[in-house]
Amino acid sequence: TQLLEQSPQFLSIQEGENLTVYCNSSSVFSSLQWYRQEPGEGPVLLVTVVTGGEVKKLKRLTFQFGDARKDSSLHITAAQPGDTGLYLCFEGAQKLVFGQGTRLTINP
Amino acid sequence: DAGVTQSPTHLIKTRGQHVTLRCSPISGHKSVSWYQQVLGQGPQFIFQYYEKEERGRGNFPDRFSARQFPNYSSELNVNALLLGDSALYLCASSLVAGQHYEQYFGPGTRLTVT
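Here is a short report on the structure shown in this document. (Residues numbered from 1 in each chain as written. Chains lettered and ligands numbered in written order. Predicted model: local features only at pLDDT ≥ 70, side-chain atom pairs only at ≥ 80, totals over all residues. Heavy atoms only, no water.)

## Concerning the sheet that holds strand β6 (residues 55–58) of chain A
All names here are of chain A.
Working step 1: Overall, antiparallel pairing links the five strands, which are arranged β1-β3-β8-β7-β6 in an open sheet. Where the open sheet ends on each side, the last strands, each with one partner, are β1 (5–7) and β6. Between one strand and the next, the sheet's axes are offset by a mean angle of 15°, whatever the strand orientation.
Working step 2: Here β6 pairs with strand β7 (residues 61–65) via four bridges, running antiparallel. By the bridge assignment, K56 is partnered in β7 with F63. (Pairing = 2+ DSSP bridges. Helix = DSSP H or I, 4+ residues; strand = E, 2+ residues; numbered from the N terminus. Axes fitted to C-alpha atoms, helices over the stretch in contact; angles between N-to-C directions.)

Set out below in structure tokens:
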């Protein structure tokens, strides 16, 4: 059983569309992080969310931490081909565990 | 500034052999963590070191071991290699170990066991 369940596992959409990916758990976390990984590279940190209900924006990316601090979402507005990659959520305070990732493909 | 560096970039070994992977953290970073990423999955935590002491260990067999040197670089050793050890091995460095710390990952070492 995965401590962090990500959905969907695969997502392929057209450029300009919006999308949301999810990271869910039955456990409460003090913080969650989102990383993006491109082929042949290590993951790169996008954001850390700490407070329940927190919303953080990074250009066209919006990250939310659930009120109960058990889940998080990543919303991308007007997706671009450069957004293609593997998106990973990560709990680093207790278990140091990644979700299995959402592989996102944006088609021109 | 140089990022996290790992060597070698690729490695092919035979079942039963052992392997040593190396990681140099960002200058000033005192914590190094190791992860195994099997194709199509998220990375799995193997070890974390801080100030040369082991701070955490994931669910990996004793064939896996690691150490951190006085200059904060680190080695991951895997003995008696199995086919299932084929993976991308990632090293991450951070200033400290603890909550909310920001990890910086190297490009990884791709290990293939035949």
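## Notes on the environment of H29(B)
Residues and elements named next belong to chain B.
Working step 1: Within the secondary structure layout, H29 lies in the loop between β3 (19–24) and β4 (31–37).
Working step 2: What makes H29 buried here is its relative accessible area of 8%.
Working step 3: Sequence separation of H29 and Q6 is 23 residues, and the distance between their C-alpha atoms is 15 Å.
Working step 4: A polar atom in the side chain of H29 sits 2.8 Å from the side chain of S93. (Buried < 20%, exposed > 50% of the residue type's maximum accessible area, 1.4 Å probe, protein only. Polar contact = N/O pair within 3.5 Å; in protein donor to acceptor, adjacent residues only side chain to side chain.)

## Some points on the packing of aromatic side chains
The geometry of two aromatic rings is summed up by the distance between their centres and the angle between their planes.
Working step 1: All told, the structure shown has 12 aromatic pairs over all chains when counted by the stated rule.
Working step 2: Relative to F105(B), the ring of Y35(A) has its centre 5.6 Å away and its plane inclined at 90°; by these criteria the two rings are edge-to-face. Placement of Y35(A) in strand β4 (residues 32–37) and of F105(B) in strand β10 (residues 104–105) is noted, with the two residues assigned to different chains. For the pair formed by Y35(A) and F105(B), the shared burial category is buried. (Phe/Tyr/Trp six-rings, centres within 6.5 Å; stacked < 30°, edge-to-face > 60°.)

## A short note on the interface of chain A and chain B
Working step 1: Contacts between the two partners involve 22 residues from chain A, matched on the other side by 20 residues from chain B.
Working step 2: Interface of chain A and chain B: buried area, both sides summed, is about 1,400 Å²; carbon and sulfur atoms make up 57% of it.
Working step 3: It is P43(A), L96(A) and F98(A) that lose the most area in chain A upon contact with chain B, and together they represent 32% of the buried surface on that side.
Working step 4: Across the chain A-chain B interface, the total number found is zero salt bridges.
Working step 5: Joining chain A to chain B, the criterion identifies three residue pairs in polar contact (both at pLDDT 80 or more). (Contact = heavy atoms within 4.5 Å. Buried area = accessible area lost by both parts, 1.4 Å probe. Salt bridge = Lys/Arg side-chain N within 4 Å of Asp/Glu carboxyl O.)

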